[in-house]
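Examining the three-dimensional arrangement
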Amino acid sequence: MQDQPAVTLTDLVPYQSVPDKFPHLYSRKSWQWAVKQRQHNGLAKAFRKVGKQLFVNTQVLAECIDSQLAD
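Per chain, residue numbering runs from 1 following the sequence as it is written. This being a predicted model, a pLDDT of at least 70 is required before a residue's local features are given, and a value of 80 or more before pairs of side-chain atoms are given or counted; all residues contribute to the totals for chains, interfaces and linings. Values shown for side chains rest on all heavy atoms present in the structure; no hydrogens or waters enter the calculation.

Structural notes on the pairing of strand β3 (residues 53–57)
At least two DSSP bridges between two strands are required for those strands to pair. Starting at the N terminus, helices and strands are each numbered in turn, a helix being any DSSP run of H or I of at least four residues and a strand any DSSP run of E of at least two. By the bridge criterion, three bridges tie strand β1 (residues 12–14) to β3 in an arrangement that is antiparallel. Bridging from a neighbouring strand, L12 pairs with N57 of β3. Pairing analysis gives four bridges linking strand β2 (residues 47–50) to β3, with the strands arranged antiparallel. Of the residues in β3, the one forming a bridge with V50 is Q53.

Spelled out as structure tokens, the structure:
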């Protein structure tokens, strides 16, 4: 069994903030599409729902993007 690294609050950002925080990775339109297709594009494990709010763990998002490049 793998030990998962501890998640800090600084790793969690509202999903709407990702294009603003990382404009070199996603435009607003491409990010909206990636969020809608997250179950199919390998990004689902980066998302966490807290109450009614959807957040992205930026550390896990980077790992997901990195694993996509390795394939």
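A look at the nonpolar core
Put simply, buried Ala, Val, Leu, Ile, Met, Phe, Trp, Tyr and Cys residues joined by side-chain atoms within 4.5 Å make one nonpolar core. Using a 1.4 Å probe on the protein chains alone, a residue whose accessible area is under 20% of its type maximum counts as buried, one over 50% counts as exposed, and one in between counts as partly exposed. Membership of the largest hydrophobic core comes to 15 residues, with the highest contact counts inside it found for W31, F47, V56 and L61. Put simply, the parts of the chain that give this core at least two residues each are α2 (28–36), β3 and α3 (58–70). The leading source of residues in this core is α3, at four residues. Only heavy atoms matter for contacts: two residues are in contact if any of them lie within 4.5 Å across the pair. Other than its neighbours up to four places away in sequence, L61 contacts V18, W31, L43, A46 and V56.

Things to note about the packing of aromatic side chains
Planes of paired rings set the category: under 30 degrees apart is stacked, over 60 is edge-to-face and the rest tilted, where pairs are Phe, Tyr or Trp rings (Trp by its six-membered ring) whose centres lie within 6.5 Å. Evaluated as defined, the whole model comprises two aromatic pairs. Their ring planes at 20° and their centres at 5.9 Å tell us that W31 and F47 sit as a pair that is stacked. Residue W31 is found in helix α2, and its partner F47 is found in strand β2; the two are separated by 16 residues along the sequence. When sorted by exposure, W31 lands in the same class as F47, which is buried. The structure contains a cluster of three or more aromatic residues connected by ring pairs, namely Y26, W31 and F47. In this structure, R38 packs its charged tip against the face of F47, placed 5.1 Å from the ring centre. For a Lys NZ or an Arg CZ to count as sitting over a ring, it must be within 6 Å of the ring centre and within 35 degrees of the ring normal.

Description of the side chain of N57
Examined against the element boundaries, N57 turns out to sit in strand β3. Counting of polar contacts relies on pairs of N or O atoms within 3.5 Å, with two restrictions inside protein: one atom must be capable of donating a hydrogen and the other of accepting it, and residues adjacent in sequence are counted only when both atoms are side-chain atoms. Within the local environment of N57, its side chain forms a polar contact with the backbone nitrogen of Q59, the two atoms lying 3.0 Å apart. With sequence-adjacent residues up to four places away left out, N57 is seen in contact with V7, D11, L12 and A46.

Topic: the environment of D11
Within the secondary structure layout, D11 lies in the segment before β1. Along the primary structure D11 and L61 are separated by 50 residues, whereas in three dimensions their C-alpha atoms are 9.8 Å apart. Those residues in contact with D11 that lie beyond four places of it in its chain are A6, V56, N57, T58 and Q59.

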